[in-house]
Amino acid sequence: IIVGGNEAMVIDATGAVTMPLQPCFRVDSGAQDNVAVSGNVNVLFSSEIFDTNADFNTGTYTFTAPVTGKYQFEVLLRVANVDTAYSYIQMVLVASNRNTTMDTIAPVSNFMSADGEVSLRGSAILDMDTNDTAYVRIRMQGGTAQADIDSDGSYFMGHLIG
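Residues numbered from 1 in each chain as written. Predicted model: local features only at pLDDT ≥ 70, side-chain atom pairs only at ≥ 80, totals over all residues. Heavy atoms only, no water.

Caption draft 1: Up close: the overall build of the protein. Looking only at helices and strands, one finds zero helices and 16 strands in the protein. Considered along the principal axes of its C-alpha atoms, the protein spans approximately 55 × 30 × 25 Å. Burial status across the protein gives 38% buried among its 162 residues. Counting contacts in the protein only where the partners sit at least 6 residues apart, residues at least 24 apart contribute 71% of the total. Accessible area for the protein stands at about 7,900 Å²; split by element, carbon and sulfur atoms hold 48% of it. (Helix = DSSP H or I, 4+ residues; strand = E, 2+ residues; numbered from the N terminus. Buried < 20%, exposed > 50% of the residue type's maximum accessible area, 1.4 Å probe, protein only. Contact = heavy atoms within 4.5 Å. Areas by Shrake-Rupley, 256 points an atom, 1.4 Å probe, with all protein chains shown as cover.)

Caption draft 2: A look at the side chain of Asp51. Here Asp51 lies in strand S7 (residues 45-52). The charged side chain of Asp51 is buried without a salt bridge, its nearest counter-charge being Arg26 at 12 Å. Polar side-chain contacts of Asp51 include one of 3.0 Å to the backbone nitrogen of Asp55. There is a polar contact of 2.9 Å between the side chain of Asp51 and the backbone nitrogen of Phe56. In contact with Asp51, other than residues within four places in its own chain, are Cys24, Phe25 and Phe56. (Lys, Arg positive; Asp, Glu negative; His and termini not counted. Salt bridge = Lys/Arg side-chain N within 4 Å of Asp/Glu carboxyl O. Polar contact = N/O pair within 3.5 Å; in protein donor to acceptor, adjacent residues only side chain to side chain.)

Caption draft 3: Inspection of a nonpolar patch on the surface at higher detail. A cluster of nonpolar side chains, namely Ile11, Val17 and Met19, defines an oily patch on the protein surface of about 280 Å² accessible area. Inspection of the secondary structure assignment puts Ile11 in strand S3 (residues 10-11). (Patch = residues over 30% accessible without salt bridge, like charges linked within 9 Å, V, L, I, M, F, W, Y side chains within 5 Å.)

Caption draft 4: Examining the pattern of salt bridges more closely. For the structure shown, the criterion picks out five salt bridges. A salt bridge links Arg26 to Asp28; its shortest N-O distance comes to 3.0 Å. Given the relative accessible area of 23%, Arg26 is considered partly exposed. Under the relative-accessibility criterion, Asp28 is labelled buried at 16%. Salt-bridge contacts for Arg78 lead to Glu117; the nearest nitrogen and oxygen are separated by 3.0 Å.

Caption draft 5: Quick peek at the pairing of strand S5 (residues 24-29). Relative to S7, S5 runs antiparallel, the two being bridged by six bridges. Bridged to Phe25 within S7 is Asp51. (Pairing = 2+ DSSP bridges.)

Caption draft 6: Local environment of the nonpolar core. Residues Phe73, Ile138 and Phe156 are the most contacted members of the largest nonpolar core, which totals 36 residues. Those elements giving two or more residues to this core turn out to be S5, strand S10 (69-80), strand S11 (88-95), strand S12 (99-105), strand S13 (118-128), strand S14 (133-141) and strand S16 (155-160). Dropping the residues within four chain positions of it, Phe156 is found in contact with Phe25, Arg26, Val27, Phe45, Phe56, Phe73, Glu74, Val75, Leu93, Ala134, Tyr135 and Val136. (Core = buried A, V, L, I, M, F, W, Y, C linked by side-chain atoms within 4.5 Å.)

The following block contains the structure:
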């Protein structure tokens with residue numbers, strides 16, 4: 001199906017349907033060392049794996065909805081060198097219409113691997129209007145600013161579902 005001169009939907013001989021213009025992105029985190037404590041810190045997702053229609057800005061680490069609809073987001077953060085004195089670590093999806101807590105770890109020591117790493121993960125479906133934005137932030141409460149967001153395996157992705 002051609003819309004405005006662009007191929008918007010393709011149905012191949014097997015019946016598989018693809019929508020080449022459907023908003024969809026995956027970005028991986030760049031290295032972020034010694035993350036500040038007791039404050040909200042934006043996660044620097046700067047390595048684009050794919051981004052249909054260029055809706056994710058790697059300079060501001062923010063997704064901007066190109067159309068009104070329901071969007072599904074998934075986030076995984078691997079945090080290394082975690083201080084056992086943190087009272088909690090929290091990951092939040094910050095969006096124009098509402099913030100969504102994706103994961104909270106407390107007490108931190110119960111969730112740490114033997115090498116001092118924790119993983120935070122979450123998914124959410126949000127209603128977004130055209131030009132609404134979404135980004136990820138983390139908060140490590142208490143302790144020392146020594147934790148690093150691991151660029152190997154930390155990602156943020158999302159797509160329009162309806």
